[in-house]
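Observations on the three-dimensional arrangement
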Amino acid sequence: MSPVTGLHHVTAIAGDPAANRRFYAQALGQRLIKKTVNFDDPGTYHLYYGDRIGSAGSVMTFFPWAHAPKGEVGAGQVSVTQYAVPPGALPFWRDRLPALGARLIAESEVVFGAARAVFADPDGLLLALVETDDPREPWLSDGIDAAHAVRGFHGVTLALTEAESTERLLE
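In this report, the structure presented in the accompanying data block is examined. (Residues numbered from 1 in each chain as written. Predicted model: local features only at pLDDT ≥ 70, side-chain atom pairs only at ≥ 80, totals over all residues. Heavy atoms only, no water.)

1. Things to note about the overall build of the chain
Defined as follows: Runs of E in the DSSP output that reach at least two residues are strands. Runs of H or I that reach at least four are helices, and both are numbered from the N terminus. Partly exposed describes any residue whose relative accessible area lies between the buried limit of under 20% and the exposed limit of over 50%, with all areas from a 1.4 Å probe on protein chains only and scaled to the type maximum. When checking whether two residues touch, look at their non-hydrogen atoms; a contact exists if any pair is within 4.5 Å. Computed by Shrake-Rupley with a 1.4 Å probe, the accessible areas treat only the displayed protein chains as cover when residues are assessed. Charge assignment: positive for Lys and Arg, negative for Asp and Glu; neither His nor the chain ends contribute. Charged side chains are reduced to one point each, which is NZ for Lys, CZ for Arg, CG for Asp and CD for Glu.
Secondary structure summary: the chain contains three helices and nine strands in total. Counting helices and strands in the order they occur from the N terminus, the chain gives β-α-β-β-β-β-α-β-β-β-β-α. By its C-alpha atoms, the chain is 40 × 40 × 30 Å across when sized along the principal axes. Counting the 171 residues in the chain, one finds 42% classified as buried. Long-range contacts, defined as pairs at least 24 residues apart, comprise 63% of the intrachain contacts of the chain with a sequence gap of at least 6. Roughly 9,200 Å² of accessible area belongs to the chain as shown, and the carbon and sulfur atoms make up 54% of that amount. Within the chain, one finds 14 positive and 20 negative side-chain charges whose respective centroids are separated by 7 Å.

Now the structure itself:
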């Protein structure tokens, strides 16, 4: 499976904005590209994380509402956001992420021929780190070197009740 390079971003809902920033910028090592407001709800942040310049295929955005009830995965949404990491990087992430607030869901599995580990972020969103040869330049941060750093999205898993119209749109 080739990395998704044309997908610009994935947007999700989060709880506490400070906890969200700690996890995505510090634990996962993504750059906080931009902090703005939700134009429909100016009292709410819109946080953008990604690589150095916010390249297509690297941007994860959040609308954090600290006191909102947790949602449930359902049809019509992304159920797993998959990030590309270099081959051999999974042991690093299996040690790092649980120590920094993630819950390990699947330590090691192979999907479409690629090894991956699945985690839940502090809000319960599912993230998969997929080992793949990905030439994109990573954003490097404290404690995360190029041999382990996230390269951008590998893909997403969609929860759908019927896939035909989504398939047509994506093609």
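2. Side note on a nonpolar patch on the surface
Our working rule: Put simply, a patch holds well-exposed residues, over 30% relative accessible area, that have no salt bridge, with like charges counted together within 9 Å and Val, Leu, Ile, Met, Phe, Trp or Tyr side chains within 5 Å. Any carboxyl oxygen of Asp or Glu within 4 Å of a side-chain nitrogen of Lys or Arg constitutes a salt bridge here.
Among the surface-exposed residues, L158, L160, L169 and L170 lie close enough to one another that they form a single nonpolar patch of about 410 Å² accessible area. Structurally, L169 can be placed in helix 3 (residues 164-170).

3. Brief notes about the sheet that holds strand 2 (residues 31-38)
Whenever strands of a sheet pair, they do so through backbone hydrogen bonds, lying parallel or antiparallel. Here is the rule we go by: Think of it this way: DSSP has to see at least two bridges between two strands before they count as a pair. Each axis is a line fitted through C-alpha atoms, and for a helix only the stretch in contact is used; angles between axes span 0 to 180 degrees, taken between their N-to-C directions.
Read from one edge of the open sheet, four strands run 1-4-3-2, paired in mixed fashion. Two strands close off the open sheet at either side, each with one partner strand: strand 1 (9-14) and strand 2. Strand-to-strand twist of the sheet, defined as the mean angle between neighbouring strand axes without regard to direction, takes the value 20°. Summarising the sheet, strand 1 and strand 4 (residues 59-64) pair through six bridges and their orientation is parallel. When the bridges of strand 4 are listed, I13 appears paired with F63. Sitting on the sheet, helix 1 (residues 17-27) touches strand 1, strand 2, strand 3 (41-50) and strand 4, and the angle it makes with strand 3 is about 10°.

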